[in-house]
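For reference, the chains in residue letters:
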Amino acid sequence: MKRVLLVLALAFTSIITAQITQDSINLDPQKQLNAAQSILSGNYGKRVTIGGYGEITYNQPEGDNGELDVQRLVLLVGYKFNEKTQFVTEIEVEHVEEIFVEQAFVNYAISDNMSLRGGLMLVPMGIVNEYHEPTTFNGTERPALDNVIVPTTWREIGVGVTGRFSEISLGYQAYIFNGFKSTNADGAGGVNGVLKGSNGLRGGRQKAIKSTVDTPTLSAKFDYYGIPGLRLGLSGYFGQTQAEDDVEDIDGANIGIAMVGFDARYNYRNFTARGQFIYASLSDTDAYNALTESDLGSAMQGYYVEAAYNLLPIAKRQKLFAFARYENYDTHAATEDNLVRNDAFNRTDLTTGLSYHIAPGVVVKGDYQFRDNKSDADVPNQLNFGLGVWF
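What comes next is a walk through the structure. (Residues numbered from 1 in each chain as written. Predicted model: local features only at pLDDT ≥ 70, side-chain atom pairs only at ≥ 80, totals over all residues. Heavy atoms only, no water.)

**Some words on the overall build of the protein chain**
Helix and strand counts for the protein chain come out as four helices and 19 strands. Relative to the globule expectation of 21 Å for 391 residues, the C-alpha radius of gyration of the protein chain, 21 Å, shows essentially globular dimensions. With the C-alpha coordinates of the protein chain rotated into their principal frame, the extents come out at 65 × 60 × 40 Å. In the protein chain, of all internal contacts separated by at least 6 residues, the share reaching a separation of at least 24 is 62%. Each charge class in the protein chain was averaged separately, 32 positive and 46 negative side chains, and the resulting centres sit 12 Å apart. (Helix = DSSP H or I, 4+ residues; strand = E, 2+ residues; numbered from the N terminus. Rg over C-alpha atoms; globule rule 2.2 N^0.38 Å. Contact = heavy atoms within 4.5 Å. Lys, Arg positive; Asp, Glu negative; His and termini not counted. Charge placed at Lys NZ, Arg CZ, Asp CG, Glu CD.)

**Let's talk about the environment of phenylalanine 87**
By secondary structure assignment, the location of phenylalanine 87 is in strand S3 (residues 85–94). Looking at phenylalanine 87, the relative accessible area reads 28%, which means it is partly exposed. Discounting residues that sit within four places of it in the chain, phenylalanine 87 has contacts with Val77, Gly78, Tyr79, Phe81, Ala104, Phe105 and Val106. (Buried < 20%, exposed > 50% of the residue type's maximum accessible area, 1.4 Å probe, protein only.)

**Side note on unusual backbone geometry**
Cis geometry marks the peptide bond from threonine 152 to threonine 153; its omega dihedral reads 0 degrees. Its place among the elements puts threonine 153 in the loop between helix H3 (145–148) and strand S6 (155–165). Unlike most non-glycine residues, valine 96 shows phi in positive territory, near 65 degrees. Residue placement: valine 96 occurs in the loop between S3 and strand S4 (98–111). Phi at aspartate 284 takes a positive value of approximately 65 degrees, unusual for a residue other than glycine. Relative to the elements of secondary structure, aspartate 284 occurs in the loop between strand S14 (271–283) and helix H4 (285–292).

**So, the packing of aromatic side chains**
Counted under the stated rule, the structure contains nine aromatic pairs. With centroids separated by 5.4 Å and ring planes inclined at 40 degrees, the aromatic side chains of tyrosine 175 and phenylalanine 177 adopt a geometry described as tilted. Judged by its relative accessible area of 2%, tyrosine 175 falls in the buried class. When the ring centre of tyrosine 131 is taken as reference, the NZ or CZ atom of arginine 265 above it lies at 4.7 Å. (Phe/Tyr/Trp six-rings, centres within 6.5 Å; stacked < 30°, edge-to-face > 60°. Lys NZ or Arg CZ within 6 Å of the ring centre and 35° of its normal.)

**Looking at H4**
Note: α-helices contain 3.6 residues per turn, so residues at a spacing of three or four share the same orientation. Listed in full, the buried residues belonging to H4 are Thr285, Tyr288, Asn289 and Thr292. Down the axis of H4, the buried side of the element spans an arc of 95 degrees, and every buried residue falls inside it. Immediately beyond the C-terminal end of H4, within one or two residues, lies glutamate 293, with a positive phi of roughly 60 degrees. (Arc of directions from axis to C-beta.)

**Quick word on the layout of surface pockets**
Counted as a void, the largest pocket has a volume near 1000 Å³. Around the largest pocket, the lining is made up of 41 residues, and of these Gln37, Leu40, Arg117, Thr162 and Arg164 lie nearest the centre. For the lining of the largest pocket, the secondary-structure elements that each account for two or more residues are helix H2 (35–41), S4, strand S5 (114–122), S6, strand S7 (170–177) and strand S10 (217–224). Of the volumes computed, that of the second largest pocket is approximately 800 Å³. Lining the second largest pocket we find 37 residues, and of these Gln71, Glu141, Arg142, Ala144 and Asn147 sit closest to its centre. (1 Å grid on protein atoms, 1.4 Å probe; cavity = no way out; pocket = protein on both sides within 12 Å on 5 of 7 lines; lining within 4 Å. Points joined across faces, edges and corners; volume = space filled by probe spheres on them.)

**Brief notes about the side chain of asparagine 328**
Relative to the helices and strands, asparagine 328 is located in strand S16 (residues 319–334). In this structure, asparagine 328 is in contact with Gln301, Gly302, Tyr303, Asn346, Arg347 and Thr348, ignoring residues within four places of it in sequence.

Keep in mind these numbers describe shape, not what the thing actually does.
This is how it looks when you write it as structure tokens:
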């Protein structure tokens with residue numbers, strides 16, 4: 001019955017018509033900007049620039065109650081002090097009740113091809129952590145890989161440099177950040193661990209909330225855009241987790257992290273494709289698990305490939321993408337000898353559906369997810385619908 005509803009809903013979406021007078025939607029990965037980049041590049045002489053994005057979703061697992069949610073509403077504000085110095089911030093309300101500062105940094109342009117940045121910034125790993133506005137990706141939900149391995153939205157406080165080598169079509173970013181929190185004192189002389197096998201590092205994001213810092217971490221990314229329609233990215237993140245003062249000297253309180261990622265985006269006329277691979281090696285997890293009674297793996301890895309085709313004529317200012325995405329992600333890709341690998345953490349999702357851009361900055365989405373893992377447990381498939389805006 002739910003599959004029939006999906007077909008009907010997607011068919012309804014595909015026949016909606018609207019008169020659009022704005023510019024065509026730009027899906028060229030070499031020209032596409034995220035929210036912060038739009039603020040930095042879009043002042044046009046104005047001192048204050050305001051924007052925002054948000055999404056409302058409906059998720060219906062098979063055999064269970066559905067959920068309606070205003071997942072997020074975000075206000076973007078930029079201020080231009082002079083031709084070289086700008087400030088960008090994002091204030092996010094999640095699920096109508098939680099308020100976070102997602103970004104807050106100063107950008108100082110040394111030259112046209114180099115800027116210094118400092119503050120609360122996104123960690124450049126993969127695609128979606130930096131390009132997570134709802135009109136920039138297919139599917140109601142972000143790829144699961146960019147949730148349990150790359151813990152989107154992943155941001156921390158740091159300082160660094162960004163820019164491009166125009167003569168070789170290479171963009172670069174390099175930052176020093178504070179790291180993930182791994183442990184804290186439980187108030188009774190013991191230690192609590194915040195990292196676990198099911199979603200890896202996600203629970204350790206500090207989000208600039210009175211962040212603990214012990215040793216800095218290094219994050220860098222290079223983007224090559226020298227081939228028309230193609231953008232290639234190579235990311236790296238290296239360092240140690242952070243622990244509170246009371247427990248930082250205890251054996252097993254911290255782990256080491258070495259994460260690398262490769263991503264690709266391609267656009268040619270009505271066809272688009274993207275893919276991503278992430279591998280993370282975690283050291284000292286045996287001591288960490290013994291101390292915290294956790295089940296953190298010693299390696300995580302995942303990948304996805306996605307293809308989409310615009311069903312509307314290329315000259316139209318609306319876009320209707322039919323897409324399919326296959327992803328596999330495993331937070332127990334490797335474990336230490338004293339921890340048995342959990343096959344339920346080796347997961348596969350096949351997502352297929354439509355993204356209808358009724359105007360630049362407005363998208364209606366519908367998709368169906370076939371979900372599975374390597375264990376004997378049954379994983380319910382899921383029907384999703386969403387409405388996203390970005391301005």
